[in-house]
Amino acid sequence: MSSSLSGRTVLVTGATSGIGHQTARLLAERGATVLVHGRTAEEALAAVDRLVTLSEVPAERLCAYGADFTHLEEVELLARRVTEAHPHLDVLVNNAGMAAPERHTVTADGNEIAFQVNFLAHYLLTHLLEQALTSDPGGRVVNVSSALHRTGSIQWNDPNRTRRYSRLAAYAQSQLALTVFAADPRVTAVSVHPGVCATSLLPLYAHEGGAPAEGAAHVVRLCDPAVEIVNGAYYDRDQRVAPAPAATEERTVKRLTKLADLLVGHTA
């Protein structure tokens, strides 16, 4: 089983803590070269050091990358640096996430912060890495989403929720968008709810959660080329289930693509 990931290159966003960090560890232990992304280069390097020290992963299998997703230009820079060093990428794990803050917060790019960090930055990154992911057949994207996407709705006329803001609604909207985005036909992608784990997002769900490594195992399974996936599929832990109805509507997928292209300043 372990050999199916050796020789593969995987970029994990938000890999400095929680599920992302454990995902990077499991992938590297199974032979993958892991690009460890953190908000800053320092945080990413510290995460790489922890992995080398605590899990006996060889240092040459890990590369650190910093990019603050509250600045879309840093996402563009990250994509450029990754493709220069790794023109072929087997898997992109869109894991970086934040709880929406109590107060309505807008980034320098003009987007509601949770919508940008959880969805728009990943949307942009995925498209900028599209060539690297499709240069060989079998490239895939794994979006670490959330069961809370079911409670979400995309406010098409006010995606930044300037008129009515609630942190839970903003977070759910970002997770719904990420789940809808998996059905975009340009790159094969799936979404997964890794279970409620004891990470910084726990307060949104419950008082107690499982170990982040448990959630990470569900993410890593979907990175494995031996596991067949269907574009747009949604998994609750290790079970494929139907996502919220909006996530499978072609019209919604197209509408979201149009909105995201507009907000990240890219035309398809």
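That block above? That's the structure.
These remarks concern the structure in this document. Counting restarts for each chain, with residues numbered from 1 along the sequence as it is written. Predicted model: local features are reported for residues with pLDDT of at least 70 only, side-chain atom pairs are reported and counted for 80 or more only, and whole-chain, interface and lining totals are derived from all residues. With hydrogens and water set aside, each side-chain value is computed from the structure's full complement of heavy atoms.

Digging into the nonpolar core
Residue types Ala, Val, Leu, Ile, Met, Phe, Trp, Tyr and Cys, when buried and joined through side-chain atoms within 4.5 Å, form a set referred to as a nonpolar core. Partly exposed residues are those whose accessible area sits between 20% and 50% of the maximum for their type, while under 20% is buried and over 50% is exposed, using a 1.4 Å probe and protein chains only. Counting 44 residues, the largest nonpolar core has Phe69, Phe119, Leu125 and Leu129 as its most contacted members. Secondary structure counts use DSSP, requiring at least four H or I residues in a row for a helix and at least two E residues in a row for a strand, with both numbered from the N terminus. Listing elements by their share of this core, those giving two or more residues are strand S3 (62–66), helix H3 (72–85), helix H4 (113–128), helix H5 (130–134), helix H6 (167–181) and helix H8 (250–264). Among the elements that line this core, the one with the most residues is H4, at nine residues. For phenylalanine 69, the contacting residues outside a window of four places in its chain are Thr13, His37, Val75, Leu78, Ala96, Gln116, Val117, Ala121, His122 and Leu125. In this structure, Leu27, Val142, Val144 and Cys223 belong to the second largest nonpolar core, which totals 31 residues. The contact definition used throughout considers only heavy atoms, calling two residues in contact when any of these lie within 4.5 Å.

Points about the packing of H4 against H8
Interaxial angles span 0 to 180 degrees and are taken between N-to-C directions of axes, which are lines fitted to C-alpha atoms, for helices over the stretch in contact. Taken N-terminus to C-terminus, the directions of H4 and H8 make an angle of 95°; their axes are 10 Å apart at the nearest point. Viewed along their axes, H4 and H8 adopt a mutual orientation that is roughly perpendicular. For the pair H4 and H8, the contacting residues are Phe115, Phe119, Leu120, Tyr123 and Leu124 in the first and Leu256, Thr257, Leu259, Ala260, Asp261, Leu263 and Val264 in the second. Partitioning the contact of H4 with H8 into residue classes produces ten nonpolar, one polar and one charged. Roughly parallel means an angle under 35 degrees; roughly antiparallel means over 145; roughly perpendicular covers 65 to 115; every other angle is labelled oblique. Note on residue classes: Ala, Val, Leu, Ile, Met, Phe, Trp, Tyr, Cys and Pro are nonpolar, Asp, Glu, Lys and Arg are charged, and everything else, Gly too, is polar.

Quick notes on unusual backbone geometry
A positive phi angle, near 60°, is found at glutamate 56, a position not held by glycine. Along the chain, glutamate 56 turns up in the loop between helix H2 (41–55) and S3. A relative accessible area of 75% places glutamate 56 in the exposed class. Positive phi, close to 50°, is recorded for arginine 161, a residue that is not glycine.

Coordinates in, geometry out; function isn't part of it.
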